[in-house]
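Chain residues, written in single-letter form:
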Amino acid sequence: MSETTQATAEAAANIAFIKYWGARDLEQAVPQNPSISMTLRRCSTRCAVELLPGEPGDDEILLAVGDGPPAPAPAAFAVRVQAHLDRLRGIAGRRGRFRVATRNSFPAAAGLASSASGFAALTLAVVECLDLHPDTAELSVLARRSGSGSAARSVLGGYVEWPAGEGEEKCYAKELLPAAAWDLRDVIAVVEREAKKVSSLEGHRRAATSPYYGTRQAELPRRLEAVRRAIRERDLSALGPVIEEEAIDLHLIAMSSRPPILYWKPATLAVLEAVRDLREEGIEAYSTMDAGANVHVITLPEREETVAARLAELEGVGEVIRDGVGPGPRVEAGLSL
Ligand code: PMV
């Protein structure tokens, strides 16, 4: 290795309309069922990566919290990053040591898909440093192999489907509709900033222990088709009820897994009820949640302000993040966290 290579990538989180929950191969994140998501704009991760002369064993993995300086990352996160660095370095057949620094624009590990944006950004920056030049499908596969399946969707912008795949190598996400084609907003009620107690990895592992998992699988083809169609036709009234049903179903599976997983907090329920009240008042908004207590409220641009104001009034809602569909990741030369 002759020279130092540097790259910075920024990738946004995504909110799943149809959820990845349960895997055929958990280690490589090959899902049991297809999922569909909307890539966000504001909730994002920046990842600055440097490939330096040296030995792979000397990789440095840093995490910056808020506006603070990068500091050594917590062990659980560093272990996953390290495994991904080794994997990508192996694919490229390269040596050298990495210095990786990551910064999230939003609360990490709180059901806001920080692993999706984090591993998408990491994958993008590292392949750039390794001179790998994958196409989007290959990138999605590489991001997925980090073990964070939803990262496979965050390498794309707009509305994205990730099929369950015919085989591991063909299991990658595809764009359904570009962001510019439909301006949906996601108003996020943050009711919990702490890391969740049960990781989504553990949730996938337990999913099939729920007696209702089979029913979920039987329901999914209908839901998937309804969501694809609603996106194609840009029809929020058709999309909304299906994504609400799907989010409740994900939590039903989690709550009935053995042992059960309870992600909700009292304020989660308060937000779900407030969204129903808004609809009764004629304000179209629909809720969904990933594996966490926070609630994403999907609405149209002209309703965003009203929705955000209402959610901010609720007891137990600490912060309201106004996000929306985003164009996908970008990569820059050099280091800028
Ligand atoms: O990508 P993972 O392994 O963190 O799993 C994501 C799980 C959900 O966020 C609950 C659903 C999804 O499809 O994003």
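This text goes with the structure placed above it.
What you see is a predicted model, and the numbers here were worked out from it, not measured in a lab.

## Concerning the pattern of salt bridges
The tally for this structure, following the rule as stated, stands at 32 salt bridges. Measuring nitrogen to oxygen at the nearest pair gives 2.6 Å for the salt bridge that ties Glu202 to Arg205. Here Arg205 and Glu202 lie together in helix H5 (residues 200–207), a separation of three residues that amounts to about one turn. Of the charged contacts in the structure, one is a salt bridge between Glu281 and Arg310, with a shortest N-O distance of 2.7 Å. On the criterion of sequence distance, the pair formed by Glu281 in the loop between helix H8 (266–280) and strand S11 (285–288) and Arg310 in helix H9 (residues 301–312) is long-range, its members being 29 residues apart. Its relative accessible area of 47% is what places Glu281 among the partly exposed residues. Linked by salt bridges that have partners in common, Arg216, Glu219, Arg222, Arg223, Glu245, Glu246 and Asp249 make up one network.

## Digging into helix H3 (residues 136–144)
Those residues of H3 not exposed but buried are Leu139, Ser140, Val141, Leu142, Ala143 and Arg144. Those residues of H3 hidden inside the fold are in contact with strand S3 (30–31), helix H1 (75–92), helix H2 (114–129), helix H4 (151–154) and strand S8 (159–162). For H3, the capping residue at the N-terminal end is Asp135, with a side-chain oxygen 3.2 Å from the backbone nitrogen of Ala137.

## So, the pairing of strand S4 (residues 35–52)
The buried count for S4 comes to 16 of 18 residues, which makes it a mostly enclosed element. In the sheet, strand S1 (residues 5–18) pairs with S4 via 12 bridges, with the strands oriented antiparallel. Residue pairing across strands places Glu10 opposite Arg46, the latter belonging to S4. Direction of pairing for S4 relative to S8: antiparallel, over a ladder of four bridges. Across the sheet, the residue bridging to Ile36 is Glu161, located in S8. The pairing of S4 with strand S7 (residues 97–104) spans eight bridges and is classified as antiparallel. Each residue of the ladder has a partner; that of Val49, found in S7, is Val100.

## Digging into the sheet that holds strand S13 (residues 319–324)
An order of S11-S12-S10-S13 is seen for the four strands of this open sheet, with the pairing classed as antiparallel. Single-partner strands in this sheet number two, and they are S11 and S13. For this sheet, the mean angle separating the axes of adjacent strands, direction not counted, is 25°. Sheet analysis places strand S10 (residues 185–190) next to strand S12 (residues 295–299), joined by five bridges and oriented antiparallel. Within S12, the position partnered with Ala189 by the bridge is Val295. Along the sheet, helix H7 (residues 236–255) contacts S11 and S12; its crossing angle with S11, the most-contacted strand, is approximately 25°. Together, S10, S11, S12 and S13 form the strand contacts of H9, whose direction differs from that of S10 by roughly 5°.

## Side note on the site of the ligand
Around the ligand, the surrounding shell holds 13 residues, and the nearest of these are Tyr20, Ser150, Arg153, Ser200 and His204. In this structure, Ser200 approaches the ligand through a side-chain N or O atom, which is 2.7 Å from an oxygen atom. Here His204 contributes a side-chain N or O atom positioned 3.0 Å from an oxygen atom of the ligand. Against a free-state accessible area of 380 Å², the protein chains account for coverage of 94% of the ligand. Looking at the shell around the ligand residue by residue, the classes come out as four nonpolar, six polar and three charged.

## Points about the environment of Cys47
Position of Cys47 among the secondary structure elements: in strand S4. A residue is classified by how much of its surface remains accessible, and Cys47, at 0% relative accessible area, is buried. The spacing of Cys47 and Pro266 is 219 residues in sequence and 34 Å in space, taken between C-alpha atoms.

Calculation notes
Residues numbered from 1 in each chain as written. Predicted model: local features only at pLDDT ≥ 70, side-chain atom pairs only at ≥ 80, totals over all residues. Heavy atoms only, no water. Salt bridge = Lys/Arg side-chain N within 4 Å of Asp/Glu carboxyl O. Helix = DSSP H or I, 4+ residues; strand = E, 2+ residues; numbered from the N terminus. Buried < 20%, exposed > 50% of the residue type's maximum accessible area, 1.4 Å probe, protein only. Contact = heavy atoms within 4.5 Å. Polar contact = N/O pair within 3.5 Å; in protein donor to acceptor, adjacent residues only side chain to side chain. Pairing = 2+ DSSP bridges. Axes fitted to C-alpha atoms, helices over the stretch in contact; angles between N-to-C directions. Near = heavy atom within 4 Å. Areas by Shrake-Rupley, 256 points an atom, 1.4 Å probe, with all protein chains shown as cover. Nonpolar A, V, L, I, M, F, W, Y, C, P; charged D, E, K, R; others polar.

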